[in-house]
Amino acid sequence: MRSVILLQQLKKEYSVDVDNLIGEVRRYLPDLHEIKLRKAFAFSALAHEGQLRKSGHPYIIHPYETARILSALHVDEDTLIAALLHDVPEDTDKSIEEIESKFGKKIAYLVEGITKLSKVHYRHEMANRQVESLKKLFIHTAKDPRIILIKLADRLHNMRTLYAINKPEKISRISRETLEIFVPIANLLGIEELKTEMEDLCFQHLYPEDYQMISDRLKMGGKKNEHIMDTTIEMIKKELSQQKISCSVYGRTKNIYHIYKRTAGENGKLNEYDNMIALRVIVDNKDECYHTLGIIHSLFKPKPGTFRDFISLPKKNGYQSLHTTVFGIKGVTTEFQIRSRQMHLEAEYGIAAQYFEKSTKTLHLQEDGRANWACKIMQMQKLEQNSVESDFMEKLKDDILHDRIFVFTPKGTTVDLPNEATCVDFAYEIHTEVGNRAIKAEVNGQIVPVTTKLKNSDTVNIITSDMPKGPSRSWLAFVKTNTAKSRILDYFRKVSKEEKIITGRRLLQKELDWAGLGMINDIPQKKLKLFCKNKKGCLTIEDVLLKIGEGTLSPLDFVNGLYPHKDVPTSKIVLFLERKFFHTDSAKNYTMVTLKVISRDMIGQMRKILREIAEHKLNIVFAKGHISFWTGELITKFTICVENYSQISQVCEAIEHVDGVRNVTRRFFRRKIAFSMAIAFTFALWASHPYFLHYISSQLTYESNPYLSSILLYAGTFMLFMMVFLLKRLTQRSFPELRETNTFWALTFLLSAFAVITLFAEIYFFELSLNWFILLGLVLMILAYLSMEYVNFRKRA
């Protein structure tokens, strides 16, 4: 009796009537189990009794509207019932077990997949709860993708009622999550109807002013061109009718968020939409699509570069259509989408289009390729079991939920990749060994580095090494797919610990050189301890080097971890140059960094390097190049404006991967001035050293002071060798390009030998009295130290 009164009240006050829902479902599902649906609605209404949404309306309205959204997709009975019950276990005292006993295991599984994890368990870690709940949702979806349909409908209704929330930060968080996770999923499943509405709702809440501006301009343009649209539709219908082609032609509203993404705030591009109409032509079959395209191009002049054939080359989500843009009546730009009726069904409803087939009563989404993304997430979950939640979400967005591109093998096979994927990603999609042996790539007939970003419709051929080569750790900073990352990491996990540490030391030192932070041994111990404390699994610098060597820690992340909020210092000179020559009023802080690039002398080499700097949107203050007289290599120097360490690292990494580039180093003018002063001081010390020793030995006799003269003589000798040691350290800091070279060590040993020869010459000519045992001990000590350092250098080499 209580349920009857409650249902009557809902119908009277809020127009929530289960009869209306049943009527909508019966249109496409005549054999609906009506009693079971009514029972589910009543059960949910009683469970949620007394609960109100933020809008003040009864909570049952939400599952009811979720089910109505799904009915528009013609989903099956179990999905509708699960939609009505989807919030019951989470927000009421009813359990999954009770739902299973009343409605069966299949429906209980669908409901359980939607239910979030316990709020109590994650009381102090709500962000982790959200991520773990999403993981759970995706894992269940991989087994039964109907779950994600319920979740998308649930999220769409939540977005429709988001206005009722009075916390702007919560509105922003929900909108951002929807835009970054659920909109891409709807796109992967090809459900355009849900995707476009969610996109526009997110855009409206995140950027209300931009949304309103574009919306108003579209309405104004629509009214202005309404007569032209009607005339164009009649003209197309008449022409197709004469060709005996049955068709539907109608105007369509362009997605507001799509326009925003394409214009990116540029008013010039936005003006294009003020005088544009968009039409859709639906015919019976594929042949008629191409016939219709020919007719349209015979009536209107096509706009160059706007034709897209998604019938011969469908999108990953199954979307098929012909796109063309023409100069229409009175020169109004007119966009056409031409598709068959089945293509239209697939475009609007995607993976749920199977429900519209009369012969299909149940949906087997597991067999549909558009649900493969859920299986990829499960694979990622297994590979990333020990990763932090934020890492998992970033990889999910980059690899699976990112915009997609299609590229081709030389034989014409299509490879699906995330936007901004590189040739390395492509190589690993082909085969692990192709990726491990990749040395270059041929894109559209041009030889490029393997780290080159790919564009839609590129044809790619990977050039591999005949000998086992192995991937480069630096690729991890460029690759976008989880497949490539996991296979590169798998390769380096097999490398010995000693090799990992050696490689980690080399990579970290290179990063510190680019950042201008000196040597690894110069890292402040306090900062190192703080970093190791925050980074699980790290206790010492050796642990850090090991993680860098195996690829699980980026050297740049380590540098940013040491200095989390530190940008490269401000340069007033650069701000002046910016305003003077680049005409900007930017309030950003910049500093000038000079890079030295050594590469093979090839045609267009400097242009390639400049292109990499330009792609990172960095201003170039100075550029100069010349050919080395000794080696015949091209040596170029660039002074660029940067804001932080990341920009320096990223542009240096990119330049290093340009074909022919051998080395990229940062130049330090202040350190070289200090080095020159140290050289002058050392020379002065050597020049005065014999006279100083002679004076001491002649003025301080054994009788007057038996110990002081010996102490001063040996101290002076020891200081001479310390100058060699300090000069070596100063050279390493000031000339990083020389550090890991034989030239550096040759100069070091030459300098040491010169110091030893000078010392013995002093003893002989000035007839100094020294204990030869102690003297030779000092000489052997410094030579042993240098020899040990040289052996370590050879190991690293």
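Residues numbered from 1 in each chain as written. Predicted model: local features only at pLDDT ≥ 70, side-chain atom pairs only at ≥ 80, totals over all residues. Heavy atoms only, no water.

Further remarks concern the overall build of the chain. Within the chain, the secondary structure is distributed over 35 helices and 15 strands. Put simply, the chain has 797 residues, and 49% of those count as buried. If you take every contact in the chain between residues at least 6 apart in sequence, the share linking residues at least 24 apart comes to 68%. Roughly 40900 Å² of accessible area belongs to the chain as shown, and the carbon and sulfur atoms make up 55% of that amount. (Helix = DSSP H or I, 4+ residues; strand = E, 2+ residues; numbered from the N terminus. Buried < 20%, exposed > 50% of the residue type's maximum accessible area, 1.4 Å probe, protein only. Contact = heavy atoms within 4.5 Å. Areas by Shrake-Rupley, 256 points an atom, 1.4 Å probe, with all protein chains shown as cover.)

What follows deals with the packing of helix H4 (residues 61-71) against helix H10 (residues 146-160). At their nearest, the axes of H4 and H10 sit 9 Å apart, and the two run at 120° to each other. Comparing the axis directions of H4 and H10 gives the class oblique. As H4 runs across H10, the sense of the crossing is right-handed. Between H4, through Ile61, His62, Glu65, Thr66, Ile69 and Leu70, and H10, the contact on the second element is made entirely by Leu149, Ile150, Ala153, Asp154, Leu156, His157, Asn158 and Arg160. Its residues assigned to classes, the contact of H4 with H10 comprises seven nonpolar, four polar and three charged. (Axes fitted to C-alpha atoms, helices over the stretch in contact; angles between N-to-C directions. Parallel < 35°, antiparallel > 145°, perpendicular 65-115°, else oblique. Left-handed = near helix turned anticlockwise from the far one by under 90°. Nonpolar A, V, L, I, M, F, W, Y, C, P; charged D, E, K, R; others polar.)

Our next topic: the side chain of Thr324. Position of Thr324 among the secondary structure elements: in strand E5 (residues 322-327). At 2.8 Å, the side chain of Thr324 forms a polar contact with the side chain of His297. Not counting residues within four places of it along the chain, the set of residues in contact with Thr324 comprises Leu293, His297, Thr306, Phe307, Thr334, Glu335 and Phe336. (Polar contact = N/O pair within 3.5 Å; in protein donor to acceptor, adjacent residues only side chain to side chain.)

Attention now moves to the side chain of Asp458. Position of Asp458 among the secondary structure elements: in the loop between strand E10 (446-448) and strand E11 (460-464). Although Asp458 is buried, it makes no salt bridge; Lys455 carries the closest opposite charge, 5.8 Å away. Looking at Asp458, its side chain comes within polar contact range of the main-chain nitrogen of Lys455, at 2.7 Å. The contacts of Asp458, once residues within four sequence positions are left out, are Phe406, Val407, Phe408, Val443 and Asn444. (Lys, Arg positive; Asp, Glu negative; His and termini not counted. Salt bridge = Lys/Arg side-chain N within 4 Å of Asp/Glu carboxyl O.)

A few words now on a nonpolar patch on the surface. A cluster of nonpolar side chains, Trp772, Leu776, Leu780 and Leu783, forms an exposed patch at the surface whose accessible area comes to about 380 Å². Looking at the element boundaries, Leu776 is found in helix H35 (residues 772-796). (Patch = residues over 30% accessible without salt bridge, like charges linked within 9 Å, V, L, I, M, F, W, Y side chains within 5 Å.)

Before going further, it helps to spend a moment on unusual backbone geometry. One non-glycine residue, His74, lies in the positive phi region at around 60°. Take His74: it is sitting in the loop between H4 and helix H5 (77-85). Positive phi outside glycine occurs at Lys244, with the angle close to 60°. Note on placement: Lys244 falls in the loop between helix H14 (226-242) and strand E1 (248-251).

Summed over all chains, the structure comprises 22 salt bridges. One salt bridge connects Asp154 with Lys151, and the closest N-O pair in it is separated by 3.5 Å. Note that Asp154 and Lys151 are positioned in helix H10 at a spacing of three residues, about one turn of the helix. Comparing Asp154 with Lys151, the two get one shared label, buried. Among the charged side chains, a salt-bridge network with shared partners connects Asp19, Arg26, Glu34 and Arg38.

A separate point is the sheet that holds strand E9 (residues 438-443). One open sheet accounts for three strands, arranged E10-E9-E11; its pairing is antiparallel. The open sheet is flanked by E10 and E11, the only strands paired with a single partner. Across the sheet, the axes of successive neighbouring strands diverge by a mean angle of 30°, strand direction being ignored. Against the sheet, helix H21 (residues 423-430) engages E9, E10 and E11, with an angle of about 80° to E11. (Pairing = 2+ DSSP bridges.)

The sheet built from four strands is open, its strands ordered E13-E14-E12-E15 with antiparallel pairing. Both edges of this open sheet fall to strand E13 (620-627) and strand E15 (661-667), since each of them pairs with a single strand only. The mean angle between the axes of side-by-side strands here comes to 20°, regardless of whether they run parallel or antiparallel. Summarising the sheet, strand E12 (residues 591-599) and E15 pair through six bridges and their orientation is antiparallel. Considered in E15, the bridge of Lys596 is made with Thr665. Where helix H30 (residues 645-656) meets the sheet, its contacts fall on E12, strand E14 (634-642) and E15, and the angle it forms with E15 comes to roughly 155°.

Its 14 residues place the ends of helix H17 (residues 286-299) 20 Å apart at the C-alpha level, agreeing with the 20 Å of an ideal helix rising 1.5 Å per residue. When H17 is considered as a whole, its buried residues turn out to be Glu288, Cys289, Thr292, Leu293, Ile295 and Ile296. In a view along the axis of H17, the buried residues occupy a sector of 165°, so they form one face of it. Projecting away from the buried face of H17 at angles above 90 degrees are the exposed residues Asp287 and Ser298. Of the surrounding elements, those touching the buried residues of H17 are H14, strand E2 (276-283), E5, strand E6 (333-340) and helix H18 (341-349). One side-chain oxygen at the N-terminal end of H17 lies 3.2 Å from the backbone nitrogen of Asp287; it belongs to Asn285. (Expected span 1.5 Å × (residues − 1). Arc of directions from axis to C-beta.)

Residue position: Leu32 is located in the loop between helix H2 (18-26) and helix H3 (34-47). C-alpha of Leu32 to C-alpha of Glu77: the two residues are 45 residues apart in sequence and 6.8 Å apart in space. Contact partners of Leu32, with chain neighbours within four places excluded, come to Ile22, Val25, Arg26, Leu37 and Glu77.

Our focus in this paragraph is the confidence of the model for the chain. When pLDDT is averaged along the chain, the result is 79; 77% of the residues meet or exceed 70. Per-residue pLDDT stays below 50 along residues 118-124; that stretch engages in eight contacts with residues further than four places along the chain or on separate chains. Within the model, the stretch residues 570-587 combines pLDDT values under 50 with 25 contacts to residues more than four positions away or in other chains. (pLDDT = per-residue confidence, 0-100.)

Taken as a whole and judged by the stated rule, the model has ten aromatic pairs. Ring geometry for Phe310 versus Tyr319: centroids 6.0 Å apart, planes at 70°, classification edge-to-face. Cluster of aromatic residues (ring-pair linked, three or more members): Phe203, Tyr207, Tyr211, Tyr257 and Tyr260. Positioned above the aromatic ring of Phe103 is the side chain of Lys39, whose terminal nitrogen or guanidinium carbon lies 5.4 Å from the ring centre. The ring of Tyr59 carries Arg53 above its face, with NZ or CZ at 5.7 Å from the centroid. (Phe/Tyr/Trp six-rings, centres within 6.5 Å; stacked < 30°, edge-to-face > 60°. Lys NZ or Arg CZ within 6 Å of the ring centre and 35° of its normal.)

Right, let's get into the nonpolar core. Core analysis: the biggest nonpolar cluster contains 78 residues, and Leu70, Leu85 and Leu152 have the highest contact counts within it. Apart from the residues within four sequence positions on either side, Leu70 is in contact with Val75, Thr79, Leu80, Ala83, Leu149, Ile150 and Ala153. If you look at the next biggest cluster of nonpolar residues, it comprises 26 residues, including Val424, Ala427, Leu454 and Ile488. (Core = buried A, V, L, I, M, F, W, Y, C linked by side-chain atoms within 4.5 Å.)

Right, let's talk about the packing of helix H25 (residues 525-534) against helix H27 (residues 555-562) for a bit. Closest axis-to-axis distance for the H25/H27 pair is 9 Å, and the angle between their directions is 115°. It follows that H25 is roughly perpendicular to H27 by the angle criterion. Judged by the sense of rotation from one axis to the other, the crossing of H25 with H27 is right-handed. Mapping the contact onto sequence places Lys527, Leu528 and Phe531 in H25 and Asp557, Phe558, Gly561 and Leu562 in H27. In the contact of H25 with H27, the residues fall into four nonpolar, one polar and two charged.

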